[in-house]
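Geometric and topological summary
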Amino acid sequence: MSSRPLLMIVDGHSLLYRAFHGVPDALASRQGEPTNAIYGFTAMLLNVLRDWHPTYALVAMDVGRSFRHEKAKEYKANREQMPDSLRSQLERARELLQALHIPAVGLEGWEADDIIGTVSEKANERGIEVLIVTGDTDALQLVDGGVRVLTPGRRFSDPVVYDRRRVVERYGLEPEQLADFKALVGDKSDNVAGVKGIGEKTAAELLRQYKTLEGIYEHLDEIQNARARRALEGREAEALRNRELVTIWRDVPLELDLDQCRVGQGDMAALEQLFRELDFRSLMGRLTEQQEGQLSLFTAPAPAEGPRETSASEATTEYEIVDSVVALEKLAAAAADAEMIALDVESDALDAVSSALVGISLALEEGRGYYIPVGHRSEGNGNLDLDEVRRVLGPVLMDPAVEKVAHNSKYDWEMLQRHGLHASGPDFDTMVAEWILNPDQRSFGLKAVAWGRLGVEMTPITDIIGKGRRQRSMADCEVREVAPYAAADADATLRLRPLLERELREREQWRLFREVEMPLVPVLAEMELKGVRIDVDYLREFSAELERRLEEITTQIRLLAGYPLNVNSTQQLSDLLFNQLRLPCGGLRRTASGHYSTAAEVLEELRGEHEVVDLILEHRQLSKLKSTYAEALPGLVNPHTGRVHTSYNQTATVTGRLSSSDPNLQNIPIRTELGRRIRRAFTAEPGSLLIGADYSQVELRILAHVSQDPRLLRAFAEGLDIHASTAALTYGVPIEQVTPEMRRISKTVNFAVIYGVSAFGLARQSDLSEAESRAFIEAYFRNYPKVREYIEGVRASVAEKGYVETLLGRRRYFPQLSGRERLSRVQRAEAERAAINMPIQGTAADIIKIAMIRLSQELKARDLLTRMILQVHDELVLEGPEDEVEVVVPLVREVMENAFPLDAPLKVDVAVGPNWLEAK
């Protein structure tokens, strides 16, 4: 690297546009502010600062129309107006540059490229090397001995640096010839047409031979390529005008003030604040490196004259390792007198049902944490005997007068209970609270929440246990390594609690948190620990049956194809469908391999075109059943309990619904006979039965309640078949004349309305044409006018407030529908569909949670042994002794139907059987 000082010049708009289109547009802050462009821009800027250590830096910006627009009306006329979601990020870019103390330079009448060209020349004249950072190859014409150009690679990684040699390698031309080159071939991005008939290869050959445009036209008669000569004839003035448009000018009237551009004058506190607002936690480490002097972006802070806020990099937690019974007793006495304690467990794995307890951390006051080691395997570990911990700490944990706070408390409570430490509560879960407040947030982990709420950059767990092949168990780490990490977790949890409570109360969501979500935590923990029995022998037989059917389908597909193709190869299937059988492929996208997609939605569109399509779809469905359930479920049986223990995810959805994993019970197919047979494998223990209780059409009942449509309310009040009733109204026939096909279509429409589906969407879900779907939906709204009013009311409300909410106050935010951001028709329709559905689906989720809490309480209050073991969508499954069934069935129905008062009363279908299929 040269000893000469380096000036970095960044093409601001170019990189922002590049980031806007290169970083996923779903990237947003917790408050819904779009951040994809500013994130990519910031990451690239910090990367270059880190890798190149420039002495000076500035950013060139476009500020309006340039002289080129006056010379050529078509210049950049093809450019779309800047999207509002990008425009809003421009101001954030200015805040970033201001915090970094990097000047943003723009001048009316000139483009950023001209500023870059002028500054490059002025710097070079002063003996300063220049690095231009841009996503626009126009800047390559500026490359010289002291000027290089860096262009970001794909996704802003693997940047390419152009010096004179590399420019020649790419174009076969010197940098000074590139403006002439673009004058001939044109520049689509700037709407410069070029000389028609002259391609890149011809233009390069001509310039290599004749050096310049003038040289080409001086020797026009000598050009051997007759086609090129004819294309050039009479176009010299046009070519010269093109060159004027694409040439970067170097005489912009501005002065270069290097003192203002000197790197190292940034404001760390301002950057931390900006990064917190934008949720740029992953970039915080770069600032820490810089603050430590590796990049020298910040001036040394002046001595503080009074109290100041602690920055993210300065936040610390004092910790104490509790490795004696005396110290433990002292801690337990202090905890017993505390109003609240925050606790966190460390374990040797992620599975709460089988992991071993490694340690417990507590925090009683902010800034200090305690770590109790119990399961470290390292030599001289200092573990306390777990029996002593139970004896001394157990009473405090069980005392309901001491509030218990945790982050992801369900895991902690399961771990404590399995190891004989039964805790009251939990009373406050900071993860659950954050999820209620910001359900669309990308991460609810403690590190992310502490960063967003407290501005604290916490130590990632990989710094303790490593990652990849070198990752080790927490139990194999030394106590002194784990103690500060664990204590900081408890401390951060304690700090978060008052902030989250205040916001929950301000948003009037405290009752939802305290009365629904928190009481649900121990219910879910109990269900996970209980698990469900699986008939492994049945699944093995079922897997073999599926394998036989898959072999039959494979044989049929190969016979229809006429050759032994691999049914699991998407490329071979694509070739069969679209090349060999010539099925319609208009409008289909091609994959990276160049083949047409054979995704499920594509094949569904092709149903009926050829019998092989139905066979491929069946093959995929059976393959998924076999691999995901028939083969996988036996491997998930816990060897200690003999049961499968799914994990219920309380904070995984934006609507409030529960999800589950390992196994995912929500995706077990129930529409096909083979799919339903998976439920047969979930069985009761000998002497017990399963009780399945399913809410009947709960979302339609909620729709009737919130819309107050009299016909819908009356149909539910009279106990009518709602789908048949809708069909009778829509088709104009008595209900007894409704055919199964009429009812099927009406059922599709009933649920389509809840999800805000359009006529096009309904056509895809049914056998109706788009015109028939539109007419059917119109007829539906004529019969249920209050439903239309409800939907329009949601649209108006979300546009005004920016959010929708359930009957219990659960919210989902849609900032894109309340701002001035220009959305495409598809984007707006998708967001509005979600907004229409959320209050209904979210209320259904709230109702079943209330039912679960009350049912758990009632079963225990009556000393019954029956317990809930599964929750899937609107269904609960319980397991209990056969002799309790007569008592439990009416109890389940009573609790579930009275969980929440609706004007369209809740109804529950209950069934009993030895397995889940028969209890459905």
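Please refer to the structure placed before this passage.
Just so we're clear, the structure is a prediction, and the values are computed from it rather than from any experiment.

So, how was this worked out
Residues numbered from 1 in each chain as written. Predicted model: local features only at pLDDT ≥ 70, side-chain atom pairs only at ≥ 80, totals over all residues. Heavy atoms only, no water. Pairing = 2+ DSSP bridges. Helix = DSSP H or I, 4+ residues; strand = E, 2+ residues; numbered from the N terminus. Salt bridge = Lys/Arg side-chain N within 4 Å of Asp/Glu carboxyl O. Buried < 20%, exposed > 50% of the residue type's maximum accessible area, 1.4 Å probe, protein only. Bend = angle between axes of the 7 residues up to and from the residue. Contact = heavy atoms within 4.5 Å. Polar contact = N/O pair within 3.5 Å; in protein donor to acceptor, adjacent residues only side chain to side chain. Core = buried A, V, L, I, M, F, W, Y, C linked by side-chain atoms within 4.5 Å. Phe/Tyr/Trp six-rings, centres within 6.5 Å; stacked < 30°, edge-to-face > 60°. Axes fitted to C-alpha atoms, helices over the stretch in contact; angles between N-to-C directions.

1. Observations regarding the sheet that holds strand 17 (residues 682-683)
Strand order in the open sheet formed by three strands is 14-13-17, and the pairing between neighbours is antiparallel. Taken across any chain shown, the strands that pair with only one partner, and hence form the sheet edges, are strand 14 (643-644) and strand 17. Across two bridges, the pairing between strand 13 (residues 532-534) and strand 17 is antiparallel. By the bridge assignment for strand 17, I534 is matched with F682.

2. Notes on the pattern of salt bridges
By the definition in use, this model includes 65 salt bridges. In this structure, K626 engages E547 in a salt bridge whose closest nitrogen and oxygen atoms are separated by 3.3 Å. Of this pair, K626 sits in helix 26 (residues 611-630) while E547 sits in helix 23 (residues 536-561); the two residues are 79 residues apart in sequence, bridging distant segments of the chain. For E547, a relative accessible area of 31% corresponds to the partly exposed category. A salt bridge links E789 to K786, with the shortest nitrogen-to-oxygen separation between them at 3.5 Å. With a gap of three residues between them, E789 and K786 both fall in helix 35 (residues 785-801), about one helical turn apart. You can call K786 partly exposed: its relative accessible area is 34%.

3. Considering helix 16 (residues 386-398)
At V392, helix 16 shows its largest kink, close to 40°, and the proline P395 lies no more than four residues downstream. Among all positions in helix 16, only L386, V389, V392, L393, G394, V396 and L397 are buried. On its buried side, helix 16 packs onto helix 15 (325-337), strand 8 (340-347), strand 9 (357-365), strand 10 (368-373) and strand 11 (403-406). Regarding helix 16, its N-cap is D385, as a side-chain oxygen of that residue lies 3.0 Å from the backbone nitrogen of D387 further along.

4. Structural notes on the nonpolar core
Membership of the largest hydrophobic core comes to 148 residues, with the highest contact counts inside it found for F682 and Y695. A per-element tally of this core places helix 37 (residues 825-861) first, with 14 residues. If we ignore the near neighbours within four places in the chain, the residues touching Y695 are I847, I848, A851, D874, M896, E897, A899, L906, K907 and V908. Among the nonpolar cores identified, the runner-up in size contains 50 residues, and L58, L184, A203 and V252 belong to it.

5. So, the packing of aromatic side chains
Summed over all chains, the structure comprises 13 aromatic pairs. For the pair F275 and F280, a centre-to-centre distance of 5.7 Å together with 70° between the ring planes defines the contact as edge-to-face. For F280, a relative accessible area of 1% translates into the label buried. Here the aromatic rings of F428 and F513 are separated by 4.7 Å at their centres, their planes lie at 55°, and the arrangement is tilted. Note that F428 is positioned in strand 12 (residues 428-429) and F513 in helix 22 (residues 510-530), a separation of 85 residues in sequence. Judged on exposure class, the residue F428 and its partner F513 are both buried.

6. A word on the sheet that holds strand 12
Ordered by their spatial adjacency, six strands build an open sheet running 7-10-9-8-11-12, and the pairing between neighbours is mixed. Each edge of the open sheet is held by one strand with a lone partner, namely strand 7 (318-321) and strand 12. In this sheet, strand 11 lies alongside strand 8 in parallel orientation, the contact comprising three bridges. Paired with A342 across the bridge in strand 11 is V405. Contacts from helix 15 reach strand 7, strand 8, strand 9 and strand 10, with the element oriented near 45° to strand 9. Strands strand 8, strand 9, strand 10 and strand 11 of the sheet are contacted by helix 16, whose axis makes an angle of about 35° with strand 9.

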